[in-house]
Amino acid sequence: MVYPFTKGRAQKILKKKRQILGRGLCYAEKILFIHEAEESSERMLRRGRDPLKLCPDRVAMQDATAQMAMLQFMQTGCGKTQVPATIHCDHLIRAGAGMKADLKKALAANRDIYDFLSSAAANYGVGFWGPGSGIIHQVLFENYVIPGGVMIGSDSHTPNAGGLGMIAIGVGGADVAEVMAGLAWETTSPYVVGVDLSGCLNGWASAKDVILEMLGMLTVKGGTGKIFEYFGEGAKNLSATQKATITNMGAELGATASVFVYDESMDAYLKNVGRHEDAEWAASVADILTQDEICLTEPERVYDEIVEVDLGKIVPAHAGPFSPDKVIRVADFKATAKKERWPERISAVLLGSCTNSSYSDLCAASRVLEQARHHGLKVRVPFILSPGSQQVYETIARDGVLDELVNAGATVLTASCGPCIGQWDRKDVEKGVPNCVFTTFNRNFRGRNDGNSETRAFLTSPALAAALALSGDAGFNPETDTLTGRNGVQFKLTAPTPPTLPEKGLVDEKCAFLPPSREDAKIQVKMDPNSERLERLHPFEAWDGRDFLDLPVLVKTKGKTTTDHISPGGKWLQFRGHLTHISQNMLEGAVNAFTGETGHGTNVITRETGKRFAELAVFYKENAGGFVILGDENYGEGSSREHAAMSPRFMGAKVVVARSFARIHEANLKKQGILPLVFMDPNEYAEIGESDRMSFVDLQALQPGKPVKCVVSKEDGSRKALMLTHTLTEEQIGWFKAGSALNALRENYKN
């Protein structure tokens, strides 16, 4: 393995940075500075303002995003990836009958996609983890994540790697393609939030409750443009996989990344999975993989914000429905559910996902179920398990944990994402029927898991998930409530104390793995020209140099508009490699602020109502030269799926104006040549009407930091000028003019 840095080089860089800043450095700063590209390394970057260019050590892709990422990489003309890269087949397996049946069905249904990805991986020097091998973030954690490194991945939960002290950032496929082509990756220099942990978790409180506590405090917008650095005595009391649960769901805060300072728990994990050389390397640079003293003595000089969390005061909680920052203490849940008239009976409990499917997580659930077994009880509702990886699956099978779960009534799925991302062939509840599910997942947006907008999904910990499955009652609180055994005797569950790591180590299992090909290998990329699921990309047209005049508003979205709403998954997931087909789902889940409809709007030219947004977009592209999308707060929250930017671009969007943007989506819009602009006055969002036309003028003078003028024309002939802000850099303005970032990259290669 090629390690992130040499000790001598790192020491030289950090010494210089301390001189430039006039102070010591935090852990996150050290990693960023060591990976900084030369053009920005000599300057003192202003957080939240200046562009930061990084040279990642590794890139990662899951099969749904890898299709478009590899199609874009193929456009660059680069023969081989310039950095280590892997593809992980975890998103396309649909959960239904169970592990073997689901995998067999997926292999048949997705053969053209798997053939394309495996052959493209072989040709371009990318490692390939086939279907059934595991969820991308678990496989990365077990095999590649290294303290002190930097990784980008085309999945928003890439920050999972922060549990092993690596700065890992979720990005779009175009970012991945550029880094694979040898370019640096650019973002706005992030703010750094120091999270000082003290104490120890007690009772039923878990690592999941720690990140829910953070979400309750900061909301889903609270981390935008920030890196969260966790440290303190409390951090040392958390295992590496507990740390990963917290950093994984930093994505729900909107954070750029979350990372724990390197400590002994990381060393223990690396050794337990058999990565002794990696553990030795990390230990050899341990003096670099730490905070400077100032972080503890004068933290206000280093961190932009400081959050203090006493783990001893963390209490068990659930989050939901429909947003991960709606946090409710378990002790208060029954009363809240009654007040909100949520279903009292649970329809299903789902255990697993990249957030909570480690060996320790599954042991926690198993030990709760074991207590019930002694009283003759099994689960009372469908209890569905998604193992994090085949390696974890083989380990829990070896150690008897799997038997406990299955004997209690669990249905075991493949080691894949499944219901967490909407890949759930659910048949027990009809669409439109209100019901309540509890999951150990990371997101709970409306309709995300099963496509049913009436499903109330609540996030919880593995131990609580098991307890709820035994009870079947949404308001069950294991700290105070009892269960009744088969003999009629009531009993209380006790909080489990699972092992941090498997005593015998994780089973060494490299299921369905094809290592990167030799440098000189030439493999034909398998791509059926008649495929309904794969389509070669064609460059977007370059900007013609003219202002955007009298553009109609396709939609003004109301409230939470995630990338799930802009480009839904579920049945559409099969078309992630076919831009024409998947664009038909554009804004299908978005709520129209003008009409209250979901996924539909009014054609302001013909006055036809109830038109699908995809149909409207085609009409406006052909008859009005394009259109504008208006967004509410935190527009584009959620996953990294760049289809939420590529589809609008393909369908004719010129500009997206929002009250505020989520980081990854804003970056994806820039990459695809769409102008992402922000209302200088958020109240002006409400003033724009359905029939208004919007003109964006003086675009030839587009500059970093300079507002863009927009003239809104009303039906009565009146006009109003708005000033819109943006975060475009000189390079990103170049992407806009070229038509996309890939167009600009291709032009640079020609020159």
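Chemist: Describe in detail the sheet that holds strand β9 (residues 226–231), supporting the description with residues and values.
Modeler: Strands sit in the order β10-β9-β8-β11 across an open sheet of four strands; the sheet is parallel. If you trace the sheet from one side to the other, it starts and ends with β10 (257–260) and β11 (305–310), each paired once. Direction aside, the axes of adjacent strands within the sheet are offset by 20° on average. As paired strands, strand β8 (residues 191–198) and β9 are joined by six bridges and run parallel to one another. Within β9, the position partnered with V193 by the bridge is F228. This element, helix α2 (residues 27–34), spans β9 and β10 of the sheet and lies at about 125° to β9.

Chemist: How would you explain unusual backbone geometry if you had to name every residue and give the values?
Modeler: Cis rather than trans, the peptide bond between G320 and P321 has omega equal to -5°. The residue F322 is not glycine, and still its phi comes out positive at about 75°. Looking at where F322 falls in the secondary structure, it is placed in the loop between β12 (317–319) and β13 (327–329). F322 sits in the buried class, given a relative accessible area of 13%. Its identity as a non-glycine residue notwithstanding, R607 has a phi of 70°, on the positive side. Take R607: it is sitting in the loop between β23 (600–601) and β24 (611–612).

Chemist: Tell me about the pattern of salt bridges, residues and numbers included.
Modeler: Going through the model one piece at a time under the given rule, you end up with 43 salt bridges. Its salt-bridge partner being E178, residue K671 comes within 2.5 Å of it at the nearest N-O pair. Pair noted here: K671 is in helix α24 (residues 663–671) and E178 is in helix α8 (residues 173–180), with a separation of 493 residues, a long-range link. For K671, a relative accessible area of 4% corresponds to the buried category. Among the ionic pairs, E370 bridges to R373, the shortest N-O distance being 3.9 Å. You can see E370 and its partner R373 sitting in helix α16 (residues 359–373), three residues apart, about one turn around the helix. By relative accessible area, R373 is classed as partly exposed at 42%.

Chemist: Outline helix α4 (residues 63–76), supporting the account with residue identities and numerical values.
Modeler: Helix length check: α4, at 14 residues, gives a terminal C-alpha distance of 20 Å against a target of 20 Å (1.5 Å per residue), a fit within 8%. Counting buried positions along α4 yields 14 of 14 residues, so the element is predominantly enclosed. For α4, the N-terminal cap is Q62; the gap from its side-chain oxygen to the backbone nitrogen of A64 is 2.9 Å. One or two positions beyond α4, positive phi appears at G77, with a value near 85°.

Chemist: Account for the pairing of β10, naming residues and giving values.
Modeler: The side-chain alternation of β10 yields two buried faces, one formed by A257 and V259 and the other by S258 and F260. In this sheet, β10 lies alongside β9 in parallel orientation, the contact comprising four bridges. Across the sheet, the residue bridging to E229 is V259, located in β10.

Chemist: An account of the nonpolar core is requested, with residue identities and associated values reported.
Modeler: In this structure, M61, F116, I167, M214 and L405 are the most contacted members of the largest nonpolar core, which totals 194 residues. Once you skip the residues sitting within four places of it in the chain, I167 turns out to touch A28, I31, L32, G149, V150, M151, I227, A257 and V259.

Chemist: Give a description of the environment of F627 that names residues and reports values.
Modeler: Looking at the element boundaries, F627 is found in strand β25 (residues 627–631). Taking C-alpha positions, F627 is 8.9 Å from D550, a pair spaced 77 residues apart along the chain. Look past the residues within four positions of F627 in its chain and what remains in contact with it is L551, P552, L554, M586, A617, Y620, P648, M651, G652, A653, K654 and V655.

Chemist: Describe in detail the state of the cysteines, supporting the description with residues and values.
Modeler: For the coordinates displayed, the defined rule picks out zero disulfides. There is no disulfide at C417, and the cysteine sulfur nearest it, in C420, is 6.5 Å away. Taking the relative accessible area as the measure of exposure, C417 reaches 7% and is therefore buried.

Chemist: Please give an account of the side chain of D90 that cites residues and values.
Modeler: Inspection of the secondary structure puts D90 in the loop between β3 (85–88) and α5 (99–109). Although D90 is buried, it forms no salt bridge, and the closest oppositely charged side chain is R576 at an N-O distance of 9.2 Å. Engagement of the side chain of D90 in a polar contact is seen with the backbone nitrogen of I136, the distance being 2.9 Å. For D90, the residues in contact, after removing those within four places along its chain, are Q62, D63, G134, I135, I136, S416, C417 and G418.

Chemist: Tell me about the packing of aromatic side chains, and name the residues and values.
Modeler: Throughout the structure, instances matching the rule amount to 19 aromatic pairs. Ring geometry for F619 and Y620: centres 6.1 Å apart, planes at 70°, overall edge-to-face. Aromatic rings pair up to connect F333, W342, F438 and F458 into one cluster. The side chain of R446 reaches across the aromatic face of F322, ending 3.9 Å from its centre. Here the guanidinium or amino end of K556 rests over the ring plane of Y685, the centre of that ring lying 4.9 Å away.

Procedures and definitions
- Residue indices follow the written sequence of each chain, beginning from 1 at its first position.
- Selection of residues for local features in this predicted model requires a pLDDT of at least 70, selection of side-chain atom pairs for listing and counting requires 80 or more, and totals for whole chains, interfaces and linings are taken over all residues.
- Think of the side-chain values as coming from all heavy atoms in the structure, minus any hydrogens and water.
- Being paired, for any two strands, means DSSP has found at least two bridges between them.
- Secondary structure follows DSSP: runs of H or I at least 4 residues long count as helices, runs of E at least 2 residues long count as strands, and numbering of each begins at the N terminus.
- With axes taken as lines fitted to C-alpha atoms, and helix axes fitted only over the stretch in contact, angles between N-to-C directions fall between 0 and 180 degrees.
- Note on contacts: a residue pair qualifies if any of its non-hydrogen atoms lie within 4.5 Å across the two residues.
- Burial status follows relative accessibility: with a 1.4 Å probe on protein chains alone, a residue under 20% of its type maximum counts as buried, one over 50% as exposed, and anything between as partly exposed.
- We define a salt bridge as a side-chain nitrogen of Lys or Arg found within 4 Å of a carboxyl oxygen belonging to Asp or Glu.
- Expected helix span is given by 1.5 Å per residue-to-residue step, counting one fewer step than there are residues.
- Any N or O atom pair separated by 3.5 Å or less is treated as a polar contact, with the protein-specific requirement of one donor-capable and one acceptor-capable atom, and with residues adjacent in sequence counted only for side-chain atom pairs.
- The definition of a nonpolar core used throughout is a set of buried Ala, Val, Leu, Ile, Met, Phe, Trp, Tyr and Cys residues joined through side-chain atoms within 4.5 Å.
- For the purposes of this analysis, a disulfide is any pair of cysteine sulfur atoms at a distance within 2.5 Å.
- Only four residue types enter the charge count, namely Lys and Arg as positive and Asp and Glu as negative; His and the chain termini do not.
- For Phe, Tyr and Trp, rings pair up if their centres lie within 6.5 Å, where Trp contributes its six-membered ring, and each pair is then called stacked (planes under 30 degrees apart), edge-to-face (over 60) or tilted (otherwise).
- Only when the NZ of Lys or the CZ of Arg is both within 6 Å of the ring centre and within 35 degrees of the ring normal is a charge said to sit over the ring.

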